[in-house]
Amino acid sequence: MKKFFMLLALASVSVAGMAQTETPVKRYSVATNSFWSNWFISADVSYGAFYTNEENGFSSSPLKDFRRNLGASVAIGKWFTPGFGLRTKMTGIWGRNVQTQDAKTNAIKFWNLQEQALFNLSNMFFGYNETRVWNFIPYAGIGAVRNCSDNYYADAISVGLLNTWRLSKHILINLDLGFNFCNDYDAFRPAAGNVANNYGDGLKNCDRFFNAEVGLTINLGKSTWSKTPDVDALKALSQSQIDALNAQLADAQAENARLNDMIKNHKCPETGKTITVKEVVAAPVSVFFNIGKSKIASRKDVQNVKELADLAKANNSKLVVTGYADSKTGSSNFNQKLSQKRADAVVNELVKMGVSRDNIEVVAAGGVNTLTPVSYNRRATVAIK
């Protein structure tokens, strides 16, 4: 048994060392998933070594034929958070009751059913990382053991270390090292028909066994965790909408200032001459885009453009479409092309609205930094010429 505990200690040190060398990732909080998310099933081949409280001077080596046997295990479980989960696990088929040093005499069939709590220390201590290759998961549980050959039951306690290696989003290789101890589950009980509780007398007075298991775990359905909503980002989004409205208001104020200047500097025509002036004036309309994109972000902006297009058609006016990009993102050449694409996207919408392409002037202004914050320069403007 000393070798077993040394193996567990070595695994702990190895995992801690690996965690320290893992590529750093940005930590973030995760949102709670639905009940049907993060389920998993696993199946393992199991190597078991069995010890009973009736032994007298037997070798404690887990490799001895009279105490080792092969078996299998299956489990189904769910992760409730990246660090905590539950699983129901059954291990069994072939075992030993170790009453003698003869493997054939000791052979039994059994099963061990456990409900176990899982603690993913990799996620708890180093932050959730859905692409982490190795996860280190201690566990503890309670359950029952049945000696099928002798028809005896016993309550049992389990502890262990589950290590998983990620092959893909849904498939993991697992190495499970588990230790179980229980009241007598073999035919040699302290008193016939009486189940004694021997836990308080130390492990040597309990029947016990450990398993080394290798197999696969399959994640069912959604197996990852999403970031929690970023309140600051939501506030920034609301602020961006306000800033967009402010940008449109600034355009309107600039146009109003131009009109006021025209009125102040207007000169009356000479007496006896009749002059007809037909001029349609409207504030420019802004259409906004996401970073690096030339697809219109909001159809509401298109609706505003339609009103301007109808006005231009009714008065046979020309329209000027100017595309912009923000100067803080991308190279000058990239921004020039992007501003052209954004202007073209708005022109296509105007054509769909019935505006002749011959009445549309297109300008690509490239990257600019005229609005604050800089992200609101990702737009195209439509104005009547």
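Before any of the text, the structure's been laid out above.
What counts, and at which threshold
- Residues numbered from 1 in each chain as written.
- Predicted model: local features only at pLDDT ≥ 70, side-chain atom pairs only at ≥ 80, totals over all residues.
- Heavy atoms only, no water.
- Helix = DSSP H or I, 4+ residues; strand = E, 2+ residues; numbered from the N terminus.
- Buried < 20%, exposed > 50% of the residue type's maximum accessible area, 1.4 Å probe, protein only.
- Contact = heavy atoms within 4.5 Å.
- Areas by Shrake-Rupley, 256 points an atom, 1.4 Å probe, with all protein chains shown as cover.
- Core = buried A, V, L, I, M, F, W, Y, C linked by side-chain atoms within 4.5 Å.
- Salt bridge = Lys/Arg side-chain N within 4 Å of Asp/Glu carboxyl O.
- Pairing = 2+ DSSP bridges.
- Axes fitted to C-alpha atoms, helices over the stretch in contact; angles between N-to-C directions.

**A short note on the overall build of the chain**
Part 1 of the argument: Helix and strand counts for the chain come out as 6 helices and 12 strands.
Part 2 of the argument: Of all 385 residues assigned to the chain, the portion counted as buried reaches 41%.
Part 3 of the argument: Considering only residue pairs separated by 6 or more positions, the chain has 70% of its internal contacts joining residues 24 or more positions apart.
Part 4 of the argument: When the accessible area of the chain is evaluated, it comes to approximately 21,400 Å², of which 58% is carbon and sulfur surface.

**Notes on the nonpolar core**
Part 1 of the argument: By size, the foremost hydrophobic cluster in this structure holds 22 residues, and its most contacted members are Phe 289, Val 305, Leu 319, Val 321, Val 346, Leu 350 and Val 382.
Part 2 of the argument: Those elements that place two or more of their residues in this core are β9 (285–288), α5 (299–314), β10 (319–326), α6 (332–352) and β12 (379–384).
Part 3 of the argument: Beyond its immediate sequence surroundings of up to four residues, Leu 350 is in contact with Val 305, Ala 309, Leu 319, Val 321, Val 355, Ile 360 and Val 382.

**Here's the deal with the pattern of salt bridges**
Part 1 of the argument: Scanning all chains against the criterion turns up 11 salt bridges.
Part 2 of the argument: Between Glu 213 and Lys 89 there is a salt bridge; the shortest N-O distance is 3.1 Å. Of this pair, Glu 213 sits in strand β8 (residues 207–220) while Lys 89 sits in strand β3 (residues 84–96), and the two are 124 residues apart along the sequence.
Part 3 of the argument: Overlapping salt bridges, with partners in common, bring together Arg 87, Lys 89, Asp 176 and Glu 213 in one network.

**Overview of the pairing of strand β4 (residues 107–119)**
Part 1 of the argument: Here β3 pairs with β4 via 13 bridges, running antiparallel. By the bridge assignment, Gly 85 is partnered in β4 with Leu 118.
Part 2 of the argument: Looking at chain direction, β4 and strand β5 (residues 134–147) are connected through 9 bridges and run antiparallel. Within β5, the residue paired with Ala 117 across the bridge is Ala 140.

**Comments concerning the sheet that holds β9**
Part 1 of the argument: Read from one edge to the other, the open sheet built from 4 strands follows the order β9-β12-β10-β11, with strand pairing classed as mixed. Taken across any chain shown, the strands that pair with only one partner, and hence form the sheet edges, are β9 and β11 (360–368). Each strand axis lies, on average, 20° off the axis of its neighbour in the sheet, ignoring direction.
Part 2 of the argument: Pairing of β9 with β12 involves 4 bridges; the strand directions are antiparallel. Note that in β12 the partner of Phe 288 across the bridge is Arg 379.

**Things to note about the side chain of Arg 378**
Part 1 of the argument: Topologically, Arg 378 is positioned in the loop between β11 and β12.
Part 2 of the argument: Excluding residues that lie within four positions of it along the chain, Arg 378 makes contacts with Val 287, Phe 288, Phe 289, Asn 290, Ile 291, Tyr 324, Asp 326, Thr 329 and Arg 342.

**Observations regarding the sheet that holds strand β1 (residues 39–51)**
As a general point, the strands of a sheet are linked pairwise by backbone hydrogen bonds and lie either parallel or antiparallel.
Part 1 of the argument: Reading around the circumference, β1-β2-β3-β4-β5-β6-β7-β8 is the order of the 8 strands in this closed barrel, with antiparallel pairing throughout. If you compare each strand with its neighbour and ignore which way they point, the axes differ by 25° on average.
Part 2 of the argument: Relative to β8, β1 runs antiparallel, the two being bridged by 13 bridges. Paired with Tyr 47 across the two strands is Ala 212, which belongs to β8.

**Topic: the pairing of β1**
Part 1 of the argument: Note: β1 against strand β2 (residues 68–79), 11 bridges, orientation antiparallel. Across the sheet, the residue bridging to Gly 48 is Asn 69, located in β2.

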